[in-house]
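# Analysis of the macromolecular model
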Amino acid sequence: MRTDTGQVFRLEDYRPSDYLIPETNLTFQLFPDATLVRAELLIERRSGVSEKTPLILDGDGLELKRLEIDGVVAQAGTFTADDERLTIARPPRGRRFRLTIDTVVAPSGNQALMGLYLSNGVYCTQCEAEGFRRITYFLDRPDILSVYTVRIEAPRALSRLLSNGNPGESGELAGDRHYAVWHDPHPKPSYLFALVAGDLGCIKDRFVTASGRSVELGLYVERGKENQASYAMDALRRSMKWDEEVFGLEYDLDVFNIVAVSDFNIGAMENKGLNIFNDKYVLAGEETATDADFANIEAIIAHEYFHNWTGNRITCRDWFQLCLKEGLTVYRDHEFSSDQRSRAVSRIAQVRTLRAHQFPEDQGPLAHPVRPRRYREINNFYTATVYEKGSEVARMIHTLIGADLFRRGMDLYFERHDGQAVTIEDFLKVFEDASDQDLSQFALWYHQAGTPNVAVTASYSPASQELTLEIEQSLAPTPSEARKRVMHIPLAFGLVGPDGRDMVHGAVSGASVENDVIHVRKRRQSVKFTGISERPVVSLNRGFSAPVTLTFEMRKEDRIFLARHDSDPYGRWQAFNGLLTEELMAAFRKLRGDRTPEFGDDLAAASHTIAMDERLEHAFRALALTLPGEADVAREIGTNIDPDAICLAREMLARSIATRNAEAFRTLYEGLRSDAPYSPDAASAGRRALRNTLLDYLALLPEGDRLAYGHFDAATNMTDRAAALTVLAHRHPGSDLADRALAAFEIRFRDDPLVMDKWFLIQASVPGHATADRVRALMQHPAFSISNPNRVRSLAGTFFSANQTGFHRPDGAGYSLFAETVLAVEQRNPQVAARLATALRSWRSLEPARQRKARETLLAIAATDKLSADLRDIVERTLA
Ligand code: TRP
Ligand code: ZN
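This text gives an overview of the structure that appears in the document.

The rules behind the values
- Residues numbered from 1 in each chain as written.
- Chains lettered and ligands numbered in written order.
- Predicted model: local features only at pLDDT ≥ 70, side-chain atom pairs only at ≥ 80, totals over all residues.
- Heavy atoms only, no water.
- Helix = DSSP H or I, 4+ residues; strand = E, 2+ residues; numbered from the N terminus.
- Rg over C-alpha atoms; globule rule 2.2 N^0.38 Å.
- Contact = heavy atoms within 4.5 Å.
- Areas by Shrake-Rupley, 256 points an atom, 1.4 Å probe, with all protein chains shown as cover.
- Lys, Arg positive; Asp, Glu negative; His and termini not counted.
- Charge placed at Lys NZ, Arg CZ, Asp CG, Glu CD.
- Near = heavy atom within 4 Å.
- Polar contact = N/O pair within 3.5 Å; in protein donor to acceptor, adjacent residues only side chain to side chain.
- Nonpolar A, V, L, I, M, F, W, Y, C, P; charged D, E, K, R; others polar.
- Domains from an automatic or database assignment.
- Donors = N, O, S within 2.8 Å, 3.2 Å for Na, K, Ca; no water.
- Tetrahedral: all angles 85-135°; square planar, octahedral: opposite > 155°, others 65-115°.
- Buried < 20%, exposed > 50% of the residue type's maximum accessible area, 1.4 Å probe, protein only.
- Core = buried A, V, L, I, M, F, W, Y, C linked by side-chain atoms within 4.5 Å.
- Pairing = 2+ DSSP bridges.
- Phe/Tyr/Trp six-rings, centres within 6.5 Å; stacked < 30°, edge-to-face > 60°.
- Lys NZ or Arg CZ within 6 Å of the ring centre and 35° of its normal.

Moving on to the overall build of the protein chain. Helix and strand counts for the protein chain come out as 27 helices and 33 strands. In terms of overall dimensions, the protein chain is globule-like: its C-alpha atoms have a radius of gyration of 28 Å, near the 29 Å expected for 880 residues. Each of the three principal axes of the protein chain carries a C-alpha extent, and together these read 90 × 65 × 60 Å. For the protein chain, contacts bridging at least 24 residues in sequence account for 71% of all contacts bridging at least 6. With an accessible surface of roughly 33800 Å², the protein chain has 48% of that area assigned to carbon and sulfur atoms. Distance between charge centres in the protein chain, computed from 106 positive and 122 negative side chains, equals 3 Å.

The structure is reproduced here in structure tokens:
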């Protein structure tokens, strides 16, 4: 475990490397406890760099066996090698020289799952961000691009030997071993290196690119699971086609391979020509995967494939530029999903994710800019801010300059920077050049942390037929910047007339308004629209054009009107979701004041209208009828949070909506039953989503537990089965029927770890104080393993991050479990432990008693000695 050194990396300290590595030849002799890695590197001194400049290569926990410089064994005293680096004080005089470095690593003992490790008997690698230095000494930084040739030697029983690029020679060796050689002609940074050796099952396909290159596609999975790989293969083919059609980008090697492994720290990794996936995002069948799983697989397959251009062909100059590849690639996968499915529904789902994960990050102690300027541990910056907000920033560029110029800018990006390691400034420049616009104020979106607030008041004058919007932007200080500068916020809007149509307005003064977007560029501004014949209802931030919070006083009738009539479907969802949120906040306040909330008929009536509206997609109706989550409500309230009161308010509102719509919901629920064979397509998934959302309401009514149990029992696919089990376990915890369903599920799926993850997740998210003990007990379950990241995340991660009432139990039992678990996981896997520890990032918004206990917990972890760099960084920033 790499313990914390306290070292801080700063953007402004970037310097190009003195040495380059144009060629890298690697030979692996694979053995579980002692794998020999030979790295033959062609080193080149950068022109203008003095001959006396030492060569310092990065390492991490390596054991050096032998070093040759230009074919001669290096003598002791001419170099130093330790845990962290190999230093050659006086390299050879010539511009170019060769090093041969032999190191030994132990894949079997590697539980951090960075570098070379074994997962279920399969050798695999994870190098991003700094895992390559755990394999050999190298200039392990993304601006060192090298052409790799890799030779793998392994027992014949490991039938598949894979690496990046195109396959070369292969053959037999003595001792029942064999070898294979791979060559990747595209220069790449070390973080994109990958190797896999294992006895895997495989499905193959072929894709012919627009220009006629035939690409062999291979998808490798655990033997016996080949039939669960076809959806991922189909998603891959669709991704390849989409990138050609939408961005004009073709694949550039003869093969494209994907391998699914069961021990993986993250979702997936875009290694050149050899993507490695967490098997959770590959394997899917109707019996074992939910509609949401299918949608995630499609999105992540696309994401990793799209990295081939945005990330691999053009990569990052340094890790501060992470959003250059991640934000842009998330934007691309969002667009892909929107094109493959319903654009409106996809957009709402994207915004919900951003609000649930990125807003709390931005509003808490871990806030950082989309492009950070400092880090202690880069692994902790693969965040919702870099990914999701980064994607929104790319989307805003699209909004600002329009689709055609955006595409022209992207073309220019590939023309200008193919084969380079570049920065956010380079990225912005292509859009400035393509559009002839100045994006310098807009660039603040990359540099300032925090979620801007836009406060708007509207006044309409019938006499002058004018509508005036007073707009004020603000941005609270964050740990990264105490003082904030004024941003350029593109606010899409519509003025909705009494007939529900967008009104046409006359001249505008006060701010630039183009294509239904108000360009907010000052701290305060007022915009006047003329020629407005009747008072409009103003729909603001349509399509969530900017990732901001809005403060806009609106009459309840106007919100209900927008929920029914806004021509922007996102606007309709937003209006209704806002109503529900306000209702829950009001109920919370009542409960905190020991009063009983009462709910009027209007929301129940609006829910009825939405549920029954046959013009709306099923999936849209399901999303609209889903109450804001407990964490969403907590975020809106902001301070002095008592999760128990929020949970109760939410249940009371759900019960009131269910009671008032009992018959209608029941009839609709019955009508949505389908006997058609399962298909994961968006329309079928939407139908199931609406039916399962209705079940969640109906379960609150008398006999609701029986209805849910019947649904569970009759389910013919995992979507319905898991939804019904969730409803039973959450709405009727501890009931006989809930226990029966949990037991039946366990017996049926106990040998399928990915399905058992759902079983753990459902139980870990049961609201209420009893769950802490339940989670503790489940950690002893035979299907649980503290060394598998998926198991840890589904049980402990869910409990800490997605169970407000359970985790924040007033007596602190949830926090004790947190401290124990985080430290136990850290012993094996610091990266996963640090991720778990972010669950306490919003501790300051809790009510005082819980706040005190949360703080003590964090302080106790911080006081542990020899903490990993990963965990110490999170805990100290959370406390700061
Ligand atoms: N680059 C990967 C992706 O987005 C994810 C990733 C790689 C990652 N290394 C990481 C995420 C380290 C968190 C931490 O496709
Ligand atoms: Zn990515």
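Okay, the site of ligand 1 next. Taken together, 16 residues are adjacent to ligand 1, and E128, E270, E304, E326 and Y387 come closest. Within the side chain of E304, a nitrogen or oxygen atom sits 2.7 Å from an oxygen atom of ligand 1. In the model, a nitrogen atom of ligand 1 is placed 3.0 Å from a nitrogen or oxygen of the E326 side chain. Across the complex, the protein chains shield 94% of the 360 Å² of accessible surface that ligand 1 would expose by itself. Taken together, the residues that form the shell around ligand 1 break down as five nonpolar, five polar and six charged. Taken domain by domain, the makeup of the shell around ligand 1 includes at least three residues from each of domain 2 (200–313) and domain 3 (315–447).

Next up on the list: the coordination of the zinc ion (ligand 2). Taken together, H303 (NE2), H307 (NE2), E326 (OE) and E326 (OE) make up the protein donors of the zinc ion (ligand 2), found 1.9 to 2.8 Å from the metal. Seen from the zinc ion (ligand 2), its six donor atoms lie at angles of 46 to 162 degrees, and the figure they make is irregular. Counting residues between consecutive donors of the zinc ion (ligand 2) along the chain gives the motif H-x3-H-x18-E. On the criterion of sequence distance, the pair formed by H307 in the loop between α2 (291–306) and β22 (315–316) and E326 in helix α3 (residues 322–340) is long-range, its members being 19 residues apart. The class for H307 is buried, based on a relative accessible area of 0%. Its relative accessible area of 1% is what places E326 among the buried residues.

Our focus in this paragraph is the nonpolar core. Residues F28, L99, F193 and I518 are the most contacted members of the largest nonpolar core, which totals 283 residues. Looking at this core element by element, the count peaks at eleven residues for helix α10 (residues 569–592). Here F193 is in contact with L26, F28, T125, C127, F132, I135, Y148, V150, S163, N164, K188 and N271, once residues within four sequence places are set aside.

Strand order in the open sheet formed by three strands is β4-β8-β7, with antiparallel pairing between adjacent strands. Pairing within the sheet leaves two strands with one partner each, and these edge strands are β4 (55–58) and β7 (80–81). Taken together, the four bridges between β4 and strand β8 (residues 85–88) define a ladder with antiparallel strand orientation. Each residue of the ladder has a partner; that of D58, found in β8, is R85.

Paired through backbone hydrogen bonds, the strands of a sheet run either parallel or antiparallel to each other. Ordered in space as β29-β30-β27-β32, the four strands form an open sheet in which the pairing is antiparallel. The open sheet has two edge strands with one neighbour each: β29 (513–514) and β32 (537–540). In this structure, strand β27 (residues 489–496) lies alongside strand β30 (residues 517–520), joined through four bridges in antiparallel fashion. By the bridge assignment, L491 is partnered in β30 with I518.

Quick look at the packing of aromatic side chains now. Applying the stated criterion to the full structure yields 43 aromatic pairs. When the centroid spacing of 5.5 Å and the interplanar angle of 85 degrees are considered together, the rings of F256 and Y305 count as edge-to-face. Note that F256 is positioned in strand β19 (residues 255–261) and Y305 in helix α2, a separation of 49 residues in sequence. The residues F256 and Y305 share a single accessibility class, namely buried. Through successive ring pairs, a cluster of aromatic residues spans W242, F247, Y251, F256, Y305, F306 and F336. Sitting over the face of the ring of Y14, R317 holds its NZ or CZ atom 3.7 Å from the ring centroid. Positioned above the aromatic ring of F247, the side-chain terminus of R332 is 5.0 Å from the ring centre.

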